[in-house]
Amino acid sequence: MYLIFRCDCGRAVYAKKGVARKKCVCGKSLKVAERRIIAKTEDNQTASEKVQELQEEKYGGAYFTTADKL
């Protein structure tokens, strides 16, 4: 079971159930037990997809381009 929650920076993060702390990419160490759980999934692939959906929902779709097109 994987738990999906948000960091204080707004980023969606997932952690395996039973893990005490998870570190966000912003550098903050989060106590999983103190976070509001957004969703639960059975495997890490589904958790990763859900986090990606939440990130796109908040920040818009991700796209890749070359520097000369910016």
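This one's a predicted model, so the numbers in the text were calculated from it and none came from an experiment.

## Re helix H1 (residues 44-59)
With 16 residues, H1 should reach 22 Å at 1.5 Å per residue; the first-to-last C-alpha distance of 22 Å fits that figure. Looking at H1, one finds that the buried residues are Ala47, Val51, Leu54 and Gln55. Seen from one end, H1 has its buried residues packed into an arc of 100 degrees, which puts them on one side. Packing partners of the buried residues in H1 comprise strand S1 (2-6), strand S2 (12-16) and strand S5 (39-41). Gly60, located one to two residues past H1, shows a positive phi value of around 90 degrees.

## Description of the side chain of Gln55
Here Gln55 is to be found in helix H1. The class of Gln55 is buried, set by a relative accessible area of 13%. The residues touching Gln55, leaving out its near neighbours within four places in the chain, are Arg6, Gly10, Arg11, Ala12 and Gly60.

## Regarding the pairing of S1
Across a regular strand the side chains alternate sides, sitting on one face of the sheet and then on the other. Of all the five residues making up S1, four are buried; the element is thus mostly covered by neighbouring parts of the structure. The pairing of S1 with S2 spans five bridges and is antiparallel. Note on S2: the bridge partner recorded for Phe5 is Val13. Counting the residues between successive antiparallel strands, the hairpin from S1 to S2 contains five residues, one of them, Gly10, with a positive phi of roughly 105 degrees. As judged from the three bridges shared by S1 and S5, these two strands associate in the antiparallel manner.

## Concerning the sheet that holds S5
Pairing within the open sheet is antiparallel, and its three strands lie in the order S2-S1-S5. Every other strand in the sheet has two partners, leaving S2 and S5 as the edge strands with one partner each. Direction aside, neighbouring strands of the sheet carry axes that sit 30 degrees apart on average. Of the strands in this sheet, S1, S2 and S5 are in contact with H1, which crosses S1 at around 15 degrees.

Definitions and cut-offs
- Residues numbered from 1 in each chain as written.
- Predicted model: local features only at pLDDT ≥ 70, side-chain atom pairs only at ≥ 80, totals over all residues.
- Heavy atoms only, no water.
- Helix = DSSP H or I, 4+ residues; strand = E, 2+ residues; numbered from the N terminus.
- Expected span 1.5 Å × (residues − 1).
- Buried < 20%, exposed > 50% of the residue type's maximum accessible area, 1.4 Å probe, protein only.
- Arc of directions from axis to C-beta.
- Contact = heavy atoms within 4.5 Å.
- Pairing = 2+ DSSP bridges.
- Axes fitted to C-alpha atoms, helices over the stretch in contact; angles between N-to-C directions.

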